[in-house]
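Summary of structural features
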Amino acid sequence: MTAALNPIPSADLAKASLDRLDAVASVMERKWGIDRLPKLVDAALAVRFRSQAERLDEAIRSNVSAAVSAQAEAMLRAWNALDAAALAAGWKPLAPTIWETVLPETGEVIAIVRDSDEAFALAKERKGAVWTLAEVAIAIEAFGDTVRATKEAFPGAEVTAVRPAGTTAKLAIGSAAPVVATERETKPARKPPARNRRNRSVGFAGLYAPLLDSRPETPSTKPPIDWERGDDIPF
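A brief structural summary.

Scoring rules and cut-offs
- Here the residue index of a chain counts from 1 through its sequence in written order.
- Under the rules for a predicted model, residues below a pLDDT of 70 receive no local features and side-chain atom pairs below 80 are neither given nor counted, while totals for whole chains, interfaces and linings still include all residues.
- As a rule here, side-chain values come from all non-hydrogen atoms in the structure, and water together with hydrogens is ignored.
- Aromatic contacts are taken between Phe, Tyr and Trp rings whose centres are within 6.5 Å, Trp giving its six-membered ring; a plane angle under 30 degrees counts as stacked, one over 60 as edge-to-face, and the others as tilted.
- Only DSSP runs of H or I reaching four residues or more are called helices, and only runs of E reaching two or more are called strands; each is numbered from the N terminus.
- Any residue under 20% of the maximum accessible area for its type is buried, any over 50% is exposed, and the rest in between are partly exposed; the area is computed with a 1.4 Å probe on protein chains only.
- A positively charged side chain is recorded as over a ring if its NZ (Lys) or CZ (Arg) lies within 6 Å of the ring centre. The angle to the ring normal must also be within 35 degrees.
- A strand pair is defined by DSSP finding two or more bridges across the two strands.
- Only the stretch in contact is used when fitting a helix axis, every axis being a line fitted to C-alpha atoms; angles between N-to-C directions are given from 0 to 180 degrees.
- Contact between two residues is taken to exist if any of their heavy atoms lie within 4.5 Å; hydrogens are not considered.
- The length a helix should cover is 1.5 Å for every residue beyond the first.
- Starting at the helix axis, one direction is taken to each C-beta atom, and the arc is that of these directions.
- Definition of a polar contact: a pair of N or O atoms within 3.5 Å, with one able to donate and the other able to accept a hydrogen when the atoms are protein atoms, and with sequence-neighbouring residues admitted only if both atoms are side-chain atoms.
- These descriptions rest on fixed angle ranges, namely under 35 degrees for roughly parallel, over 145 for roughly antiparallel, 65 to 115 for roughly perpendicular, and the rest for oblique.
- Handedness of a helix crossing follows the sense of rotation of the near helix relative to the far helix, less than a right angle counterclockwise being left-handed and clockwise being right-handed.
- Only Asp, Glu, Lys and Arg are considered charged in this grouping, and only Ala, Val, Leu, Ile, Met, Phe, Trp, Tyr, Cys and Pro are considered nonpolar; every other residue, Gly among them, is considered polar.
- The term salt bridge refers to a side-chain nitrogen of Lys or Arg lying within 4 Å of a carboxyl oxygen of Asp or Glu.

Quick look at the packing of aromatic side chains
Across all of its chains, the model carries one aromatic pair by this definition. Measuring from centroid to centroid gives 4.9 Å for Phe49 and Trp79, while their planes differ by 80 degrees, and the two rings are edge-to-face. Remark: Trp79 occurs in helix H3 (residues 65-88) and Phe49 occurs in helix H2 (residues 43-62); sequence separation between them is 30 residues. Classification of Phe49 by relative accessible area gives buried; the value is 0%. Geometry around Phe235 places Arg48 over its ring, the cationic atom sitting 4.3 Å from the centre.

Spelled out as structure tokens, the structure:
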């Protein structure tokens with residue numbers, strides 16, 4: 001006669017459910033872009049998705065393991081429902097066109113993509129070394145008018161280095177020497193949208209819950225959910 005297996009602690013099950021949810025959400029973000037998928041489906045489905053995300057947040061704050069597990073599983077169904085709805089509506093997942101180059105000073109390989117949706121889809125696996133064409137344009141603008149005028153006057157001239165303003169280096173205009181750009185004041189960096197992952201309760205701190213806005217967390221005006229009684233789950 002074999003001994004009965006010890007039951008798995010509910011807290012461990014809840015963490016495993018959230019780990020699985022985090023993995024699925026990351027796949028969906030790479031597939032569709034961050035915060036893009038709810039915008040591709042009908043409004044009613046998007047509202048249900050938001051509602052489910054809020055219920056998961058509330059469950060995590062409550063630190064009730066059974067509620068966390070149930071709401072995390074519902075959030076998985078929500079992601080899959082949005083994925084299926086977007087495909088049925090004819091939307092196509094992101095298929096980033098990637099150009100790679102090497103930074104001459106450090107040897108770091110960076111990726112250049114078309115827009116912010118593609119950049120966000122790649123940023124996590126590339127550890128942030130992703131630039132959009134718009135950012136490349138900002139960098140080119142920072143070279144200053146002289147460099148752009150030089151390239152216009154001498155087609156094929158290349159920028160091979162950027163040196164800080166105030167040095168004695170001069171632009172090699174009209175010669176075979178490399179063109180060197182001087183630095184000037186640039187525009188403020190564009191701040192990407194927040195990933196919307198807030199601080200969690202002590203028991204589940206740092207675990208995933210996909211919120212769809214970046215507003216600071218404020219106390220809810222809704223009556224607290226009685227997790228012992230149970231609650232309607234949108235998915």
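The rest of the description comes next.
Description of the sheet that holds strand S1 (residues 99-102)
Strand order across the open sheet formed by three strands is S1-S2-S3, with mixed pairing between neighbours. Each edge of the sheet is formed by a strand with only one pairing partner; in this case those strands are S1 and strand S3 (130-132). Strand-to-strand, the axes of this sheet are offset by a mean angle of 30 degrees, without reference to chain direction. As defined by bridge partners, strand S2 (residues 109-113) adjoins S3 across three bridges and the pair is classed as parallel. Within S3, the residue paired with Val113 across the bridge is Thr132. Sheet contacts for helix H4 (residues 116-123): S2 and S3; angle to S3, the most-contacted strand, approximately 175 degrees. Together, S2 and S3 form the strand contacts of helix H5 (residues 133-142), whose direction differs from that of S3 by roughly 80 degrees.

Brief notes about H2
Between its first and last C-alpha atoms H2 spans 29 Å; for 20 residues at 1.5 Å apiece the expected length is 28 Å, and the two agree. Those residues of H2 lying buried are Leu45, Ala46, Phe49, Gln52, Ala53, Leu56, Asp57, Ala59 and Ile60. Down the axis of H2, the sector holding all buried residues measures 160 degrees, keeping them to one side. Of the residues in H2, the exposed ones pointing more than 90 degrees away from the buried face are Ala43, Ala44 and Val47. The inward-facing, buried residues of H2 abut helix H1 (10-32) and H3. Where H2 begins, one side-chain oxygen reaches toward the backbone nitrogen of Ala44, 3.1 Å away; that side chain belongs to Asp42. Just beyond H2, the residue with positive phi is Asn63, at close to 65 degrees.

Things to note about the packing of H1 against H3
Orientation of H1 relative to H3, taken along the N-to-C sense of each, is 20 degrees, at an axis distance of 8 Å. Between H1 and H3, the crossing angle belongs to the class labelled roughly parallel. Along this stretch, H1 crosses H3, giving a crossing that reads as left-handed. Per-class residue counts for the contact of H1 with H3 are 16 nonpolar, five polar and four charged.

Topic: the pattern of salt bridges
Under the counting rule described, the total for this entry stands at seven salt bridges. Between Glu73 and Arg20 there is a salt bridge, with its nearest N and O atoms 3.3 Å apart. Of this pair, Glu73 sits in helix H3 while Arg20 sits in helix H1, placing them 53 residues apart in sequence. Under the relative-accessibility criterion, Glu73 is labelled partly exposed at 28%. You can call Arg20 partly exposed: its relative accessible area is 48%. Its salt-bridge partner being Arg61, residue Glu58 comes within 3.2 Å of it at the nearest N-O pair. Of this pair, Glu58 and Arg61 both sit in helix H2, three residues apart, which is roughly one turn of the helix.

Section: the pairing of S2
S2 sits mainly inside the fold: four of its five residues count as buried. Of the strand pairs in this sheet, S1 and S2 are connected by four bridges, and their pairing is antiparallel. Residue pairing in the sheet places Glu100 in a bridge with Ala111 of S2. Between the antiparallel neighbours S1 and S2 lie six residues, among them Gly107 with a positive phi of about 80 degrees.

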